[in-house]
Amino acid sequence: MIKKILIANRGEIACRVMRTAKKMGIKTVAVYSDADARAPHVLMADEAVHIGPSPAAQSYLLADKIIAACKQTGADAVHPGYGFLSERESFRNALDAEGIIFVGPPANAIAAMGDKIESKKLALEAGVNVVPGFVGVIDDTEHAVKISNEIGYPVMMKASAGGGGKGMRLAYSEQDVREGFEATKREGLASFGDDRVFIEKFIESPRHIEIQVLGDQHGNIVYLNERECSIQRRHQKVVEEAPSPFVLPEMRKKMGEQCVALARAVGYFSAGTVELIVSGEDKTGDGFYFLEMNTRLQVEHPVTEEITGVDLVEQMIRVANGEALSFTQDDVKINGWAIENRVYAEDPYRGFLPSTGRLIRYNPPETGNGVRVDDGVEEGGEVSMFYDPMIAKLITWAPTRLEAIDKQIVALDKFEIDGPGHNIDFVSALMQHERFRSGNITTGFIAEEYPDGFQGAPASPELLRKLAAVGAFAAMAQADRARRIEGQLGKKLKAPTGWQVKIGTGDDATLYDVVISGDDVTVNGTALDMSLEYTPGDRLIEAEFDGEELAVKIAPVRAGFILTAHGASHKLRILPAHAAPYAAHMIDKIPPDLSRFLICPMPGLLVALHVKEGDKVEAGQPLAVIEAMKMENILRAGKSGVVKSVSAAQGESLPVDAIILEME
């Protein structure tokens, strides 16, 4: 039996593995870099070993340092988590050579599935659907028609040397092929000097669905149903759920059995995931095709655990220990629905630019009753520029899909994060989006629904009425506290009960007349059933309206509050009813014109500065490059002009909103 397990990872997944190991009575060892010296996974482990500087290439990615840590602590097994060394065949071989157990699949399976071409060949041989296509030389239009008829419509004709959307034609019929094949050849020749064309099946309304497989070292392999991971941004998963709202039992069985056959073909054991692209337009149940196999635990594994009751980390450890699976395929059930949202350190209001910095406040929602939070951070800790920007994973379970989604909305409203930017508003907006709630989703969902970026979830008139009442109640509580302070407002002056609440600014602003008398609340003359408690200084108000819960984050600002709920923040100007008529005489403060400044949009390193004082620049011209989270971001001129002054130097680390240069 494994006695001590070293987790060759950090953050959320390291904590996740440790929780199960401790439950099984297994000692744990953490490894950490300079950046993670006081991280939660280090404090949670029984022992911890420092393995190097902050960059992963000098610490978490060095197999020899992991092995040295095993020898130093006497760890007899390693769990790699995901990322870093988890899918390195060489790491598995190095551990085998040292007699250290690798909690994962065999080396040959890692190698076979890590090769894109080899894995597709194996999938084809194992009877798994792969995207049909013809990559050979196509003689003429008649040959193209014959191939297209064999593949099945629709098909995509692509110039072999194509790119950037050029040399591509979509064909829904034989006539489309006859009309488009020669044109595709000509485009390829004109754009790329190559008239070769290949044809492959076009996947309509593509969905990303994956099958969780689990095998032991005795030849037993099962599939633990599917996960839907179609909500992605730039190929990065944002929301995952299990089961999929698209997959019917017959399709699930076909998918699962094919994926088990693939796993069996490579002698797979431990947990693994087969990723499939699925046609949302194909109602036959056969429109799914192999993409790749991930030979490790997935980030989104909790949703599978929630609907099956199987602890995947525990099963991985038991399999690595040589135990046989204690259940069969017939024992695998689907109980309810689970949704997972990834909470990232990024700013959706600034084009999802990465965000770093100290977690000044980190207060996740309470767990239990179908709410689970997997994290590896704590208040006061730092979201580092060296690693993945994920802060936490919020998982909700309920008997039905819509109930699980609604639990996400409530829990996200209670999630408090101050410091780095975060995407809580954005994922809350996704949960409220009618198309998502209907289940009619594809991998293009975010790009299609938010083509101009994200500006906050739209608020219903009913929600705004509730926020107006909450804001008025908070203002009354503050006024009541003020009158009780000795000598401030005299002894007999009572807090006003009538308030005017203005939500929004300019032409988009809406006015609400709120009257609070004892337990009775009216908004614009209509009674509202509201129950809440608020003490000035509270950051979160948990209210009830007609028995429905609404959590509202509250922050005081001049003459009111900023209230955040249901995926957006709303600025409220709140005045006593007797003072409100005079507000029309107040001059609105005009925000400063910042268009002449080049402002740093995120914390990062100024790796290039292309201009100097006195240079003329044109609109769209690259001015500077900021590196953050290992990604380079080009900053361009918003308008033509002359550089008046430069405030930052190349190689300087800049905070968000730092001025880089000013234009005349």
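Predicted model, so just to flag it, every value in this text is computed and none were measured. Along each chain, residue indices are assigned from 1 in the same order as the chain's sequence is written. Residue-level local features of this predicted model are given only where pLDDT is at least 70; pairs of side-chain atoms are given and counted only at 80 or more, and the full residue set underlies all totals for whole chains, interfaces and linings. Hydrogens and waters are ignored; side-chain quantities use all the structure's heavy atoms.

Turning next to the sheet that holds strand β39 (residues 653-654). Pairing between strands is defined by DSSP: at least two bridges between them are needed. Put simply, DSSP marks the helices as runs of H or I at least four residues long and the strands as runs of E at least two long, and each gets a number from the N terminus on. Strands sit in the order β37-β36-β34-β39 across an open sheet of 4 strands; the sheet is antiparallel. Since the sheet does not close on itself, it has two edges, and those belong to β37 (631-636) and β39, each with one partner.

Unoccupied space between atoms shows up once a probe the size of one water molecule is rolled over them. Residues are called lining when one of their atoms sits within 4 Å of a cavity or pocket point, these points coming from a 1 Å grid over the protein atoms alone, where a cavity is a set in which a 1.4 Å probe fits but cannot get out and a pocket is an open set with protein on both sides within 12 Å along at least five of seven lines. Grid points are joined across faces, edges and corners, and a volume is the space filled by probe spheres set on the points. Approximately 870 Å³ is the volume found for the second largest pocket. As for the second largest pocket, its lining consists of 19 residues, and the residues nearest its centre are Lys571, Arg573, Ile587, Asp588 and Lys589. Ranked by the residues each element gives to the lining of the second largest pocket, the list is headed by strand β32 (residues 568-576), at 4 residues. A class-by-class count of the residues in the lining of the second largest pocket yields 10 nonpolar, 3 polar and 6 charged. Under the grouping applied here, Gly and all other residues not named as nonpolar or charged are polar, the nonpolar ones being Ala, Val, Leu, Ile, Met, Phe, Trp, Tyr, Cys and Pro and the charged ones Asp, Glu, Lys and Arg.

Here the focus is helix α10 (residues 301-308). Each residue's exposure class comes from its accessible area (1.4 Å probe, protein chains only) as a fraction of the maximum for that residue type: buried when under 20%, exposed when over 50%, partly exposed otherwise. Most of α10 is tucked away, with 7 of its 8 residues classed as buried. When we look at burial in α10, the residues that qualify are His301, Pro302, Val303, Thr304, Glu305, Ile307 and Thr308.

Next up on the list: the packing of helix α3 (residues 63-73) against helix α4 (residues 89-98). Angles run from 0 to 180 degrees between N-to-C directions of axes, and those axes are lines fitted to C-alpha atoms, restricted for helices to the stretch in contact. Here α3 crosses α4 at 30°, and the two axes come no closer than 10 Å. Classified by the angle their axes make, α3 and α4 are roughly parallel. Crossing handedness for the pair α3 and α4: right-handed. Between α3 and α4, the residues in contact are Ala63, Ile66, Ile67 and Lys71 and Phe91, Ala94, Leu95 and Glu98, respectively. The residue makeup of the contact of α3 with α4, split by class, is 6 nonpolar, no polar and 2 charged. Working rule for angles: under 35 degrees goes down as roughly parallel, over 145 as roughly antiparallel, 65 to 115 as roughly perpendicular, anything else as oblique. Crossing handedness is defined as follows: a turn of the near helix away from the far one that is anticlockwise and smaller than a right angle gives a left-handed crossing, while the clockwise case is right-handed. Only heavy atoms matter for contacts: two residues are in contact if any of them lie within 4.5 Å across the pair.

Across the sheet, 4 strands lie side by side as β33-β40-β38-β35; this open sheet has antiparallel pairing. Looking at strand neighbours, the two that pair on one side only are β33 (597-599) and β35 (616-617), the edges of this open sheet. Bridging between strand β38 (residues 641-646) and strand β40 (residues 659-663) involves 3 bridges; their strand directions are antiparallel. Within β40, the residue paired with Val643 across the bridge is Met663.

Moving on, we come to the environment of Val137. Relative to the helices and strands, Val137 is located in the loop between β6 (133-134) and α7 (141-151). On the basis of relative accessibility, which here comes to 64%, the residue Val137 falls in the exposed class. The sequence separation of Val137 and Asp330 amounts to 193 residues, and the corresponding C-alpha distance is 47 Å.

This paragraph deals with a negative patch on the surface. Within the patch definition used here, like charges are joined within 9 Å and nonpolar side chains (Val, Leu, Ile, Met, Phe, Trp, Tyr) within 5 Å, considering only residues with over 30% relative accessible area and no salt bridge. For the accessible areas, the method is Shrake-Rupley and the probe is 1.4 Å, while residue cover comes only from the protein chains on display. Definition used for salt bridges: Asp or Glu carboxyl oxygen within 4 Å of a side-chain nitrogen of Lys or Arg. Positive charge is attributed to Lys and Arg, negative charge to Asp and Glu, and no charge count is given to His or to the chain ends. A charge is said to be at NZ when it belongs to Lys, at CZ for Arg, at CG for Asp and at CD for Glu. On the surface, Asp139, Asp140, Glu182 and Asp195 cluster together into a negatively charged patch. Mapped onto the fold, Glu182 is located in helix α8 (residues 174-192).

So, to be careful, I would describe these as geometric facts and stop short of saying anything about function.
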